[in-house]
Amino acid sequence: MWNKIAIFIIKNRLRLIILLTLLTAFMAYQAKDAEMSYDFANVVSQDDVDMQYFQRFKSTFGEDGNILVVGMQDNKVYKLQNFRELKTLSEQLKGVEGVKAVISLPTLIQVVKDTAERRFTTQAIFSPLPDTQLLLDSLLQVVHNQGFYEGQIINNKTGATLLAVTVDPAYLNSARRVEVMDKVMERTEAFSKKTGIKLHYAGLPFVRAVMTTKVAAEMKMFLLLALLVTGVTLFIFFRSFYAVVFPLLVISLVVIWVLGTLSLLDYKISLLTGLIPAILVVIGIPNSTYLLTRYHYDYRKHGNKMLALSRVISKIGVVNLVTNATTAIGFIVFTFTHVAILYEFGVVAGINIFVTFIVSMVLIPIVFSYLPPPTPRQLRHLDARPLNKLLEFIDYIVHRKRNLVYFFTCLALFLSLWGIYKVKTVSYMVDDLPEESSVNADLTFFEHHFNGVMPLEIIVDTGIKQGVMRLPNLVKLNKLENFLRTQPILSAPISVVGLIKTATQAFYGGDPNSYRLPDNTERNFIFSYLAKQDNEANQHLLRSFVDSTGQQARISLKVADAGSRELDTLILNKIKPELREIYGGEGVSVAEKGNTMTFTRDDSGSQTTVSLTGTTLLFIKGNEYLINNLRSSLVLAFVLVTIVIAMLFKSVRIVVISLIPNMIPLLIAGGLMGFFNIPLKPSTALIFSIALGIAIDDSIHFLAKYRSELLSNGFDVSKAITTSLAEAGTSMIYTSVILFFGFVIFAFSEFGGTKALGVLMSVSLLIALFTNLIILPTLLISFDSGKYKHDPYALIEHYDEFYLEHEDEELDLKLLKLKFEEENPEEDKKPAYGEIQRV
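Bear in mind that the values here come from a model prediction, so they are computed numbers and not experimental data. (Residues numbered from 1 in each chain as written. Predicted model: local features only at pLDDT ≥ 70, side-chain atom pairs only at ≥ 80, totals over all residues. Heavy atoms only, no water.)

**Section: the overall build of the protein chain**
A count of helices and strands for the protein chain gives 28 helices and 11 strands. Within the protein chain, buried positions represent 58% of all 839 residues. Here the contacts in the protein chain between residues at least 6 apart in sequence split such that 79% fall between residues at least 24 apart. Accessible surface, the protein chain as shown: approximately 35900 Å² in total, 59% of it carbon and sulfur. Here the protein chain holds 79 positive side-chain charges and 78 negative ones, and the gap between their average locations is 2 Å. (Helix = DSSP H or I, 4+ residues; strand = E, 2+ residues; numbered from the N terminus. Buried < 20%, exposed > 50% of the residue type's maximum accessible area, 1.4 Å probe, protein only. Contact = heavy atoms within 4.5 Å. Areas by Shrake-Rupley, 256 points an atom, 1.4 Å probe, with all protein chains shown as cover. Lys, Arg positive; Asp, Glu negative; His and termini not counted. Charge placed at Lys NZ, Arg CZ, Asp CG, Glu CD.)

**Quick look at the sheet that holds strand E9 (residues 588-593)**
The five strands are arranged E8-E7-E11-E10-E9 in an open sheet whose pairing can be described as antiparallel. Pairing within the sheet leaves two strands with one partner each, and these edge strands are strand E8 (552-559) and E9. Going from strand to strand, the sheet's axes swing by 15° on average, the running direction of each strand aside. Here strand E7 (residues 454-461) pairs with E8 via eight bridges, running antiparallel. (Pairing = 2+ DSSP bridges. Axes fitted to C-alpha atoms, helices over the stretch in contact; angles between N-to-C directions.)

**A word on helix H19 (residues 520-530)**
Looking only at H19, the buried set comprises Glu-522, Ile-526, Phe-527 and Tyr-529. The buried residues of H19 occupy an angular sector of 145° when projected down its axis, which confines them to one face. Facing away from the buried surface of H19 by more than 90 degrees, the exposed residues are Asn-520, Thr-521 and Asn-524. Where H19 is buried, its residues meet strand E3 (109-114), strand E4 (119-124), helix H17 (471-485) and helix H18 (496-507). (Arc of directions from axis to C-beta.)

**Describing the sheet that holds strand E5 (residues 161-167)**
Reading across the sheet, the four strands line up as E2-E5-E1-E6 and stay open at both edges, with antiparallel pairing between neighbours. Edge strands, defined here as strands with exactly one partner in the open sheet, are strand E2 (99-103) and strand E6 (200-202). On average, adjacent strands in this sheet sit at an angle of 20° to one another, irrespective of strand direction. As paired elements, strand E1 (residues 67-72) and E5 share six bridges and run antiparallel to each other. When the sheet's bridge partners are listed, Ile-67 is paired in E5 with Thr-166. In this fold helix H8 (residues 204-238) packs onto E1, E5 and E6, with an angle of close to 100° to the strand it touches most, E1. Relative to the sheet, helix H16 (residues 438-450) contacts E1, E5 and E6, its axis offset from that of E6 by approximately 90°.

**Let's talk about the confidence of the model for the protein chain**
On average, the protein chain scores 84 in pLDDT, and the residues at 70 or more come to 91%. Confidence drops under a pLDDT of 50 for residues 798-810, and excluding neighbours within four residues, the segment shows 46 contacts in the predicted structure. Here residues 817-839 scores under 50 on pLDDT; set against residues more than four positions off or in separate chains, the count is 28 contacts. (pLDDT = per-residue confidence, 0-100.)

**Some remarks on a nonpolar patch on the surface**
Nonpolar side chains collect at one region of the surface, where Leu-404, Phe-407, Phe-408, Leu-411, Phe-414, Leu-415, Trp-418, Phe-675 and Phe-676 lie side by side and expose about 980 Å² of accessible area between them. Along the chain, the position of Phe-676 falls in the loop between helix H23 (652-675) and helix H24 (682-712). Residue classification places Phe-676 among the exposed positions, given a relative accessible area of 60%. (Patch = residues over 30% accessible without salt bridge, like charges linked within 9 Å, V, L, I, M, F, W, Y side chains within 5 Å. Salt bridge = Lys/Arg side-chain N within 4 Å of Asp/Glu carboxyl O.)

**Points about the packing of helix H2 (residues 13-31) against helix H9 (residues 242-264)**
Two elements in contact, H2 and H9, have axes separated by 7 Å at closest approach and are oriented at 50°. Overall, the two elements H2 and H9 adopt an arrangement that is oblique. The chirality of how H2 crosses H9 is left-handed. In this structure, H2 contributes Leu-20, Leu-23, Thr-24, Phe-26, Met-27, Ala-28, Gln-30 and Ala-31 to the contact, and H9 contributes Leu-253, Ile-256, Trp-257, Leu-259, Gly-260, Thr-261, Ser-263 and Leu-264. Classifying every residue of the contact of H2 with H9 by side-chain character gives 11 nonpolar, five polar and no charged. (Parallel < 35°, antiparallel > 145°, perpendicular 65-115°, else oblique. Left-handed = near helix turned anticlockwise from the far one by under 90°. Nonpolar A, V, L, I, M, F, W, Y, C, P; charged D, E, K, R; others polar.)

**So, helix H21 (residues 564-583)**
In H21, a bend of some 30° at Ile-571 exceeds every other bend along the element. Within H21, burial applies to Ser-564, Leu-567, Leu-570, Ile-571, Ile-575, Lys-576, Glu-578, Leu-579, Ile-582 and Tyr-583. Count one or two residues on from H21 and you reach Gly-585, which has phi positive near 110°. (Bend = angle between axes of the 7 residues up to and from the residue.)

**Remarks on the pairing of strand E11 (residues 607-613)**
With six of seven residues buried, E11 lies mostly within the body of the structure. Relative to E11, E7 runs antiparallel, the two sharing five bridges. Along E11, the bridge assignment pairs Ile-459 with Ser-611. Where strand E10 (residues 596-601) meets E11, five bridges bridge the pair, whose relative direction is antiparallel. Within E11, the position partnered with Thr-600 by the bridge is Gln-607. Between E10 and E11, which pair antiparallel in sequence order, lie five residues; one of them, Gly-605, sits at a positive phi of approximately 80°.

**Structural notes on a negative patch on the surface**
Where like charges cluster on the molecular surface, the negative patch consists of Glu-97, Glu-179, Asp-182, Glu-186 and Glu-189. Looking at where Glu-179 falls in the secondary structure, it is placed in helix H7 (residues 176-195).

**Digging into the packing of aromatic side chains**
Centre-to-centre distance and the angle between the planes together describe a pair of aromatic rings. In this structure the tally under the stated criterion is 25 aromatic pairs. With a centroid separation of 5.5 Å and 90° between ring planes, the pair formed by Trp-418 and Phe-675 is classed as edge-to-face. Of the two residues, Trp-418 is situated in helix H15 (residues 402-422) and Phe-675 in helix H23; the sequence distance between them amounts to 257 residues. You can call Trp-418 partly exposed: its relative accessible area is 48%. An aromatic cluster is built from Phe-241, Tyr-242, Phe-246, Tyr-295, Tyr-299 and Phe-368, whose rings are joined through pairwise contacts. Residue placement shows Arg-13 over the ring face of Tyr-370; its charged tip is 4.2 Å from the ring centre. Seen from the ring of Phe-507, Lys-113 lies directly overhead, with NZ or CZ sitting 3.9 Å from the centre. (Phe/Tyr/Trp six-rings, centres within 6.5 Å; stacked < 30°, edge-to-face > 60°. Lys NZ or Arg CZ within 6 Å of the ring centre and 35° of its normal.)

**Things to note about the pattern of salt bridges**
Enumeration over the complete set of coordinates arrives at 14 salt bridges. Here Lys-621 ties to Asp-50 by a salt bridge, and the two come within 2.7 Å at their closest N and O atoms. With a gap of 571 residues between them, Lys-621 in helix H22 (residues 615-649) and Asp-50 in helix H3 (residues 49-61) connect regions that are remote in the sequence. We classify Lys-621 as partly exposed; its relative accessible area is 25%. One salt bridge in this structure joins Arg-516 and Glu-522, with 2.8 Å as the shortest N-O distance. Relative accessible area serves as the criterion here: at 10%, Glu-522 is assigned to the buried category. Three or more residues joined by partner-sharing salt bridges are found here, namely Arg-294, Asp-298 and Arg-311.

**Topic: the packing of H17 against H18**
For the pair H17 and H18, interaxial distance at closest approach is 9 Å and the crossing angle is 105°. Accordingly, the angle class assigned to the pair H17 and H18 is roughly perpendicular. On H18, the residues touching Leu-474, Leu-477, Asn-478, Glu-481 and Asn-482 of H17 are Val-496, Val-497, Ile-500 and Lys-501. Of the residues that constitute the contact of H17 with H18, the class distribution is five nonpolar, two polar and two charged.

**Structural notes on unusual backbone geometry**
With the exception of glycine, most residues fall at negative phi, and the peptide bonds are largely trans. The omega torsion of the bond from Ser-127 to Pro-128 falls at 0°, within 30 degrees of zero and hence cis. Counting through the fold element by element, Pro-128 comes out in the loop between E4 and helix H5 (133-145). Phi is positive for Asp-266, close to 60°, though the residue is something other than glycine. Relative to the elements of secondary structure, Asp-266 occurs in the loop between H9 and helix H10 (276-302). A residue is classified by how much of its surface remains accessible, and Asp-266, at 68% relative accessible area, is exposed.

Written out as structure tokens, the structure reads:
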């Protein structure tokens with residue numbers, strides 16, 4: 001079959017180039033519609049009970065992650081002129097399209113008692129704006145007396161204050177979010193420049209806008225870096241302008257196909273899919289490297305360019321197909337995770353790995369058929385002395401120092417397992433941003449002054465309509481809030497309890513000591529005042545914390561980005577036991593489902609349900625869900641790769657021997673994670689199945705060469721190993737070096753996940769090179785007899801590294817030669833086919 005494919009490609013080269021050009025032009029047209037992703041990736045299954053509850057929460061109370069906070073800690077903000085500027089800034093931000101509301105120090109209100117109307121009203125504390133510093137100071141004292149704002153807008157102890165900007169949810173998941181953030185930043189930076197007050201930014205809208213901008217910038221940067229690094233490496237190896245330009249042309253076409261695929265499938269460019277073009281540049285170049293190396297080897301043997309190019313297709317096409325299939329497996333397994341971002345990543349990468357194979361198998365032979373044959377200078381890399389010396393040294397170790405190889409292998413495995421035992425699973429909301437970034441520095445500011453900004457919600461369902469406003473339920477809510485205030489990674493809670501306390505304070509003329517819940521005697525008076533609240537703004541504020549039926553109460557908190565482990569400890573070991581203490585007790589049974597606890601009184605059957613939810617919890621749970629799915633993906637990749645190798649060689653012994661040297665690099669990478677305190681998180685778990693799929697390629701090329709050398713050397717394992725190392729080892733080193741330097745560039749990313757991908761992938765693949773050059777042949781010498789039965793169903797039987805005349809006759813070389821000689825009459829001087837000697 002591959003002989004026919006070779007003939008078809010060479011004889012129809014012009015038609016194939018035109019077809020490939022038209023198809024690429026179509027994909028380029030589609031690529032112009034590729035868009036950036038602005039969604040906050042939901043990786044938790046829609047069937048998950050916590051996800052379903054979160055969706056119900058949003059339908060009742062609205063979005064919880066749409067607030068941008070701008071913080072400051074500077075006494076200058078309390079100076080009259082700067083305070084006026086802060087007021088102006090608040091009004092300017094209110095006018096930005098996409099901003100729903102702005103709350104800041106100058107816009108705060110207070111609740112006052114209207115004795116005549118027997119109701120509460122609200123009035124702006126700083127209206128009109130004070131015209132003297134003395135008056136401003138007195139009004140600031142009024143703010144300090146409002147217990148509702150302590151820990152929310154102002155920190156009375158440190159003097160820090162913040163400005164909260166609520167973004168319309170419709171703008172959050174679209175390109176308009178960046179426009180909103182740009183306009184907000186433009187106005188806040190102007191304020192900072194005018195007043196000299198340093199500002200700090202946080203909140204999910206801000207973090208997401210920053211990440212989207214950085215993803216777009218890094219996608220372009222890494223694509224250019226990957227092209228540059230692989231181009232330089234190719235030139236160092238081949239010393240040929242053509243051997244650099246045309247492999248890069250192949251990859252450039254594939255990049256266009258990647259963007260076109262994203263557009264055709266209606267996928268958007270996310271943090272993961274944005275890496276695909278650069279990754280394919282790195283892993284696609286080895287296709288061309290193997291083809292060119294084989295072309296140069298064959299041409300040097302007999303000097304017939306067309307024969308060499310035909311054999312490139314017919315003899316190693318099947319192995320290249322298999323190696324691309326195993327590489328694709330490392331990505332395709334992500335489609336079985338049922339996680340949208342991983343599914344899209346796997347689909348697009350998997351499809352375009354095969355596109356890379358097809359384009360390189362077609363374009364490289366065709367292009368080089370038009371070009372002059374390689375010169376002696378361009379073939380000199382085949383005799384590179386340092387490289388040959390290295391391979392000779394490896395051959396010496398494999399044949400003479402096998403015990404030493406096994407000793408160091410066992411030692412490396414022992415240390416790796418020890419390191420793996422030390423690996424911890426932990427993830428953070430802003431995990432991907434570097435510690436020294438301004439985002440993390442600003443996040444630290446808010447965690448220090450306000451205990452964090454990441455949203456966390458607690459919903460208490462009393463089980464009866466208007467049950468929230470019953471005093472016993474308010475007392476329990478207050479007890480829960482008092483407990484939450486003692487937790488160092490939680491902000492001050494805000495709920496209907498705070499509103500009732502504020503009403504009590506207003507009832508007693510604003511006395512700070514009266515910021516409390518009313519007792520039974522006071523309750524009727526205060527609630528009668530509250531019942532007359534018909535102001536739309538007041539009703540909206542109340543509805544932010546109590547649902548329309550009065551049955552559910554919302555406690556809204558902000559949590560520090562302390563990591564999944566500490567958050568799990570907080571919920572499981574502190575909050576849930578406290579909930580049992582408050583709502584449980586004798587005669588009350590408790591049932592848990594996810595993060596929802598249901599308390600049922602045994603005598604009456606009445607129920608109170610308490611649920612913990614919010615973007616933060618779903619994000620942390622999503623990371624755990626991702627890690628579990630990625631573990632499954634690694635197992636699936638291992639199984640699929642095993643099946644592919646079994647189909648290729650039809651030998652259980654070869655399958656086992658080939659997998660061992662490729663599992664060792666993964667174990668060592670896991671050990672390094674433990675020793676260097678790199679946590680297991682989605683970005684680090686991602687690399688293992690990808691690395692397995694890529695690393696196994698070296699094994700396949702080596703074993704294919706080894707199998708053919710067994711035949712040509714009378715089934716002498718030792719000779720077959722020596723020859724395989726000398727010839728296949730060159731290509732293996734070339735491709736592994738390209739892969740190493742190609743993935744190393746990702747270590748310069750600002751995203752922690754991308755950086756981990758670069759470091760761990762490059763280290764894993766470099767280790768895999770040496771395990772396949774040393775451990776694999778050592779295992780073959782120790783455990784392979786060298787004899788095997790011919791199996792026509794084994795794909796390896798279609799691969800052949802030595803010449804068989806009857807197979808070359810199938811290539812119809814006379815037709816190819818005639819066509820070629822018409823264009824290149826000087827080739828008549830080359831040796832006739834019959835003069836070609838068997839190697």
